[in-house]
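Architecture at a glance
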Amino acid sequence: MRSKIDRAVLNNIAWCQIVCVTHGIVGISKENIWGLHSKAPTFYPEVIISDKRATIEEVKYFIENGKVSSIKDSYANLNLTLLGFDILFDAEWIVHEPVLDFEPIQKNWRIIASEKDFKKWTDASGLENVIKSELLKQPDVKIFICETKAGISGFIANLSESVVGISNVFSVGDEEKKLWKDIPNIISKEFPKLLMVGYEHNSSLIVAKSSGWEAIGPLRVWIN
């Protein structure tokens, strides 16, 4: 069986592929790398390392045959300064085991099923024109929203490789810790007995870890 990090990496690639397809872009897998020959959607990389055995020479293929402005080194083990890239940020892959004994969560959580709710979500997250409403038709993708007096919180879950990927997590005010505690309960009801994976950095990583998520290894995002 693949390691937790490997499963998290492949899930993240699956998610990036889904997002790219909604923008009319198709990624390709080549040896130990997934990448694009065209510009990625905003906030997304053109290249993702899919196996820790990837080499600088493999990365060069996409640079020489595409428009690479950012690279996600999924294992943080390549020195891409040699190719003219700088570190944008370091992060950690995080996981949470499936929940068996459910804890109370905010009652306002729901899965988005309408264009109206979708617009609320994208407006609140700042992802207008990045996350497309076509995702509402994807059976393995669910977009979650929670509305309270304080405002809107949300996240996205995508199912692949027998894990559920958590991404695009956002919250209002001091709701972040409550959000990271709610997610495992929400997902374990929607996708029972499946490991949850994702990645975070800076303060969000600290909050996730203090809410029961485990950091399992580094990744690094580079920009040109």
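Preceding block: the structure.
**Focus on the overall build of the chain**
- What the chain contains, in helices and strands, is five helices and 11 strands.
- For the chain, the C-alpha radius of gyration of 17 Å lies close to 17 Å, the compact-globule estimate for 224 residues.
- Viewed in the frame of its principal axes, the chain has a C-alpha envelope of about 50 × 35 × 30 Å.
- Counting every position in the chain, which comprises 224 residues, the buried fraction comes to 50%.
- Intrachain contacts of the chain at a sequence separation of at least 6 include 67% that bridge at least 24 residues.
- Total accessible area computed for the chain in this model is approximately 10800 Å², and 50% of it derives from carbon and sulfur atoms.
- Charged side chains in the chain number 26 positive and 29 negative. The centres of these two groups are separated by 4 Å.

**Focus: the packing of aromatic side chains**
- Taken as a whole, this structure holds six aromatic pairs when the rule is applied.
- A centroid spacing of 5.1 Å and a plane angle of 85° characterise the contact between Y61 and F62, whose relative ring orientation is edge-to-face.
- Its relative accessible area of 1% is what places F62 among the buried residues.
- Where W93 meets Y199, the ring centres are 5.4 Å apart and the plane angle is 75°; that geometry is what we call edge-to-face.

**Quick look at unusual backbone geometry**
- Of note, the phi angle at A76 is positive, near 50°, even though the residue is not glycine.
- What makes A76 partly exposed here is its relative accessible area of 22%.
- Although it is not a glycine, N202 adopts a positive phi angle of roughly 55°.
- Note on placement: N202 falls in helix α5 (residues 202–210).
- The exposure class assigned to N202 is exposed, which follows from its relative accessible area of 57%.

**Some details on the pattern of salt bridges**
- For the structure shown, the criterion picks out 12 salt bridges.
- The partner of R110 in a salt bridge is D117, and the shortest N-O contact between them spans 3.0 Å.
- What emerges from the salt-bridge pattern is a single network uniting R110, D117, K120 and E147.

The rules behind these values
- Residues numbered from 1 in each chain as written.
- Predicted model: local features only at pLDDT ≥ 70, side-chain atom pairs only at ≥ 80, totals over all residues.
- Heavy atoms only, no water.
- Helix = DSSP H or I, 4+ residues; strand = E, 2+ residues; numbered from the N terminus.
- Rg over C-alpha atoms; globule rule 2.2 N^0.38 Å.
- Buried < 20%, exposed > 50% of the residue type's maximum accessible area, 1.4 Å probe, protein only.
- Contact = heavy atoms within 4.5 Å.
- Areas by Shrake-Rupley, 256 points an atom, 1.4 Å probe, with all protein chains shown as cover.
- Lys, Arg positive; Asp, Glu negative; His and termini not counted.
- Charge placed at Lys NZ, Arg CZ, Asp CG, Glu CD.
- Phe/Tyr/Trp six-rings, centres within 6.5 Å; stacked < 30°, edge-to-face > 60°.
- Salt bridge = Lys/Arg side-chain N within 4 Å of Asp/Glu carboxyl O.

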